[in-house]
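# Geometric and topological summary
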Amino acid sequence: MSAGTQEEAPGGGPTVLRILLGSQLRKLRESRGITRDAAGYEIRASGSKISRMELGRVSFKERDVADLLTLYGVDDKAERDALIGLARQANSPGWWQQLNDVLPTWFQAYLGLEAAATLIRTYEIQFVPGLLQTPEYARAVIMLGHAGASAEEINKRVEVRRQRQQILTRSGGPQLWAVIDEAVLRRPIGGVDVMRAQIESLIAASRLPSVRLQIIPFTAGGHAAAGGPFSILRFPEPELPDVVYVEQLTSAIYLDKREDVDQYAMAMERVCIDAEPPNHTQEILGKLLNEVGRPI
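Residues numbered from 1 in each chain as written. Predicted model: local features only at pLDDT ≥ 70, side-chain atom pairs only at ≥ 80, totals over all residues. Heavy atoms only, no water.

### What about the pairing of strand β6 (residues 252–255)?
Sheet analysis places strand β5 (residues 243–247) next to β6, joined by four bridges and oriented antiparallel. Opposite V246, over in β6, you have I253 as the bridge partner. What sits between β5 and β6 in their antiparallel hairpin is a turn of four residues. (Pairing = 2+ DSSP bridges. Helix = DSSP H or I, 4+ residues; strand = E, 2+ residues; numbered from the N terminus.)

### Some remarks on unusual backbone geometry
Even without glycine at this site, R44 takes up a positive phi of about 60°. Along the chain, R44 turns up in the loop between α2 (36–42) and α3 (47–54). Relative accessible area serves as the criterion here: at 52%, R44 is assigned to the exposed category. (Buried < 20%, exposed > 50% of the residue type's maximum accessible area, 1.4 Å probe, protein only.)

### Thoughts on the environment of L68
Within the secondary structure, L68 sits in helix α4 (residues 62–71). Expressed as a C-alpha distance, the spacing of L68 and A267, which sit 199 residues apart in the sequence, is 41 Å.

### Section: the confidence of the model for the chain
The pLDDT averaged across the chain works out to 88; a share of 92% of its residues lies at or above 70. In the model, residues 1–12 has pLDDT below 50 throughout and makes 63 contacts with residues more than four positions away in sequence or in other chains. (pLDDT = per-residue confidence, 0-100. Contact = heavy atoms within 4.5 Å.)

### Regarding the packing of aromatic side chains
Counted under the stated rule, the structure contains six aromatic pairs. Ring centres of W106 and F107 lie 6.3 Å apart, and the angle between their planes is 75°; this geometry places the pair in the edge-to-face category. Between F230 and Y264, the aromatic rings sit 5.0 Å apart at their centres with planes inclined by 70°, giving edge-to-face as the arrangement. Residue F230 is located in strand β4 (residues 230–234), and its partner Y264 is located in helix α11 (residues 258–274); the two are separated by 34 residues in the primary sequence. By relative accessible area, Y264 is classed as partly exposed at 26%. Counting every residue linked through ring pairs, the aromatic cluster contains W106, F107, Y110, Y245 and Y254. The ring of W177 has R121 sitting right over it, with the charged end atom 4.3 Å from the ring centre. Here the guanidinium or amino end of R212 rests over the ring plane of W177, the centre of that ring lying 4.2 Å away. (Phe/Tyr/Trp six-rings, centres within 6.5 Å; stacked < 30°, edge-to-face > 60°. Lys NZ or Arg CZ within 6 Å of the ring centre and 35° of its normal.)

### Focus on the UniProt feature "domain: HTH cro/C1-type" (unreviewed entry) in the chain
With numbering aligned to this structure, UniProt lists the feature "domain: HTH cro/C1-type" (unreviewed entry) at residues 24–79. End C-alpha to end C-alpha, residues 24–79 measures 11 Å, and it is 64% helix and 0% strand. (UniProt positions renumbered as here; feature names shortened; annotations may be inferred.)

### Some words on the nonpolar core
L132, L185 and F235 are the most contacted members of the largest nonpolar core, which totals 51 residues. By residue number, the principal contributor to this core is helix α6 (residues 105–116), which donates seven residues. Setting aside chain neighbours within four positions, we find L132 in contact with Q165, L168, L176, A178, Q198, S201, L202, A205, V211 and L213. The next biggest cluster of nonpolar side chains, apart from the first, holds 22 residues, and it includes L28, I50, F60 and V65. (Core = buried A, V, L, I, M, F, W, Y, C linked by side-chain atoms within 4.5 Å.)

Dropping the structure here:
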């Protein structure tokens, strides 16, 4: 899962279920010494299709899973039923299917991972993180990147952000640990009134038990992750590695190799140290609120 995945729903887990099922199928195949090409032949597909299945990047046909289990010598009915049932659950549509006309598949992948995570650590240098944006701020940000979009499309994109944010107040939802550069809060996206409302919303969000918010002041100078924003997601399933998400202009990168994740984890630790501690956040935001609209 190093360069893209697919769907998901708040509280659900099709994306993670696909990854788990794919991982189980890979272990079974390797334990039998069967090549990907041979497995692909068994289900009338290619070795590359087996690779995508094992990485959780595609949906599963129950018949294909059943055929692979037979090839891999899985005869126990309970084990077969459990894995085929997992395939059925993994094909559940994500909540955003009604909005997929405005969502690229590479971002749908992130929505699935975000909803399934137990901890989301994110670093931002340009915009307030999507999970903490007000509708008005979100609309202003979206219009910057989609100036020619129709009002209907803009509304749909704002609605995606609104629905995403439900995970922060959902029982059993993830913890969000966000580190924001001061420049984000000095940049009046949408105008002074929108920015004031956004800062007030951040003050309220910082009081949520599911949110930990830190700000890196200008006085901190350069810092470890100045190259750009990124997020690190952690999942409850011990079989799943942490995933780093790096969004680009027209695509995104998903990294789960240990050495890559470790580099980003060290950078995140560094910015958390450079940032003001969380118990200073409300005071800093209060001061910034009084300064919105003034020259820097």
